[in-house]
Amino acid sequence: MKALILVGGFGTRLRPLTLSVPKPLVDFGNKPMILHQIEALKEVGVTEVVLAINYQPEVMLNFLKDFENKLDIKITCSQETEPLGTAGPLALAREKLIDGSGDPFFVLNSDVISEYPFSQLIKFHKSHGGEATIMVTKVDEPSKYGVVVMEEGTGKVERFVEKPKIFVGNKINAGVYLLNPSVLDRIQLKPTSIEKEVFPKIADERKLYAMVLPGFWMDIGQPRDYITGLRLYLDSLRKKASVKLASGPHILGNVLIHGSAVIGEGCLIGPDVSIGPGCVVEAGVRLSRCTVMRGVRIKKHACISSSIIGWHSTVGQWARVENMTILGEDVHVCDEIYSNGGVVLPHKEIKSSILKPEIVM
């Protein structure tokens, strides 16, 4: 089987992290976002993953070469010269996706994190005999999204309603699809939306089905959702593979600590914290609801909450970093500094406090 991952553009919503690497390579739960997806695809027998990309393909491919060998899966790029929306990239990658077997192929949005129940999706797709299956997830506020209206028993999609004013349902497109090769005949090589132009036509012909995603789902393409996504992901690890999570008197709730990280005396870490490889957390540090990426040093008695600390950054002694502060790569926060929602571009030194959310160039 094959899969196409829609990587797309510049990842502006996750800047300053995406100023250092393309968005799918930003770490999430101690591995690049896209690797969560590739590993899950490999598990259900996908042999080739095509990345639909219009930005820095060489960076992506160089990085993923290692994983190609480790996971024994072929990873190639299909590069757009102009943005093609969410359907155009399928037409562009047509030759890579069709192998004559008639097997369906996966299409994934690269920002989506979930438990990826791909084997259930394959089973459901084969059972209904339709042309395409989309995964849907239940949300509390459907009025913010495009809602998928479906038959409860069969999963057959009746129609799509964009940002409904009155309640028509609470299931939205989760950005994970399983499509028969015939879907490619419906798509031209031009900027096209799969959600607004392709799926409604298949639904009109009664050939589109939806499966409700079990477990959690999050689009982690922006910082607040990234932090929420981390909580949901760690919660899911607790249920499925709790041995991967840290434990001990200095740990509160769900915490993921890489084996090569060093944690000092008297720290209190958690809940919902991820600490990457090679990090040094000195004595008396307090961490909650945050991601600390590879090679970061957090000095004594610093306090970090609801923030993302980019690769190889330093947070000084007694510093306080909170309220969606995002430090890009190699940022150095001096001792006793306070950051309230500062968004700091790479390679900066912060010598004075950031008292209200702002971008620091």
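Residues numbered from 1 in each chain as written. Predicted model: local features only at pLDDT ≥ 70, side-chain atom pairs only at ≥ 80, totals over all residues. Heavy atoms only, no water.

Asks: Go over the layout of surface pockets with me, naming the residues and quoting the values.
Replies: Reported here for the largest pocket is a volume of approximately 1,400 Å³. Around the largest pocket, the lining is made up of 49 residues, and of these Tyr145, Ile172, Asn173, Trp217 and Asp219 lie nearest the centre. Ranked by residues supplied to the lining of the largest pocket, first place goes to strand E11 (residues 171-179) with five residues. Here the second largest pocket defines a volume of roughly 490 Å³. As for the second largest pocket, its lining consists of 21 residues, and the residues nearest its centre are Ala40, Glu43, Glu115, Tyr116 and Lys240. Class assignment for the residues of the lining of the second largest pocket results in 10 nonpolar, five polar and six charged. (1 Å grid on protein atoms, 1.4 Å probe; cavity = no way out; pocket = protein on both sides within 12 Å on 5 of 7 lines; lining within 4 Å. Points joined across faces, edges and corners; volume = space filled by probe spheres on them. Helix = DSSP H or I, 4+ residues; strand = E, 2+ residues; numbered from the N terminus. Nonpolar A, V, L, I, M, F, W, Y, C, P; charged D, E, K, R; others polar.)

Asks: Quick rundown of the UniProt feature "domain: Mannose-1-phosphate guanyltransferase C-terminal" (unreviewed entry) in the protein? Include the residues and the values.
Replies: With numbering aligned to this structure, UniProt lists the feature "domain: Mannose-1-phosphate guanyltransferase C-terminal" (unreviewed entry) at residues 251-360. Helix makes up 0% of residues 251-360 and strand 44%, whereas the separation of the span's terminal C-alpha atoms amounts to 32 Å. (UniProt positions renumbered as here; feature names shortened; annotations may be inferred.)

Asks: Break down the pattern of salt bridges for me, citing the residues and quoting the values.
Replies: Two side chains bearing opposite charge may form a pair once their charged atoms approach each other closely. On inspection of all chains with the given rule, the structure shows 14 salt bridges. Where Arg206 meets Glu151, a salt bridge forms, and the shortest distance between an N and an O atom there is 3.0 Å. Here Arg206 is found in the loop between helix H6 (194-204) and strand E12 (208-212), whereas its partner Glu151 is found in the loop between strand E9 (146-150) and strand E10 (157-162), with 55 residues between them in sequence. Exposure remark for Arg206: the relative accessible area of 39% places this residue in the partly exposed category. Two residues, Arg320 and Glu322, come together in a salt bridge whose shortest N-O distance is 2.8 Å. (Salt bridge = Lys/Arg side-chain N within 4 Å of Asp/Glu carboxyl O. Buried < 20%, exposed > 50% of the residue type's maximum accessible area, 1.4 Å probe, protein only.)

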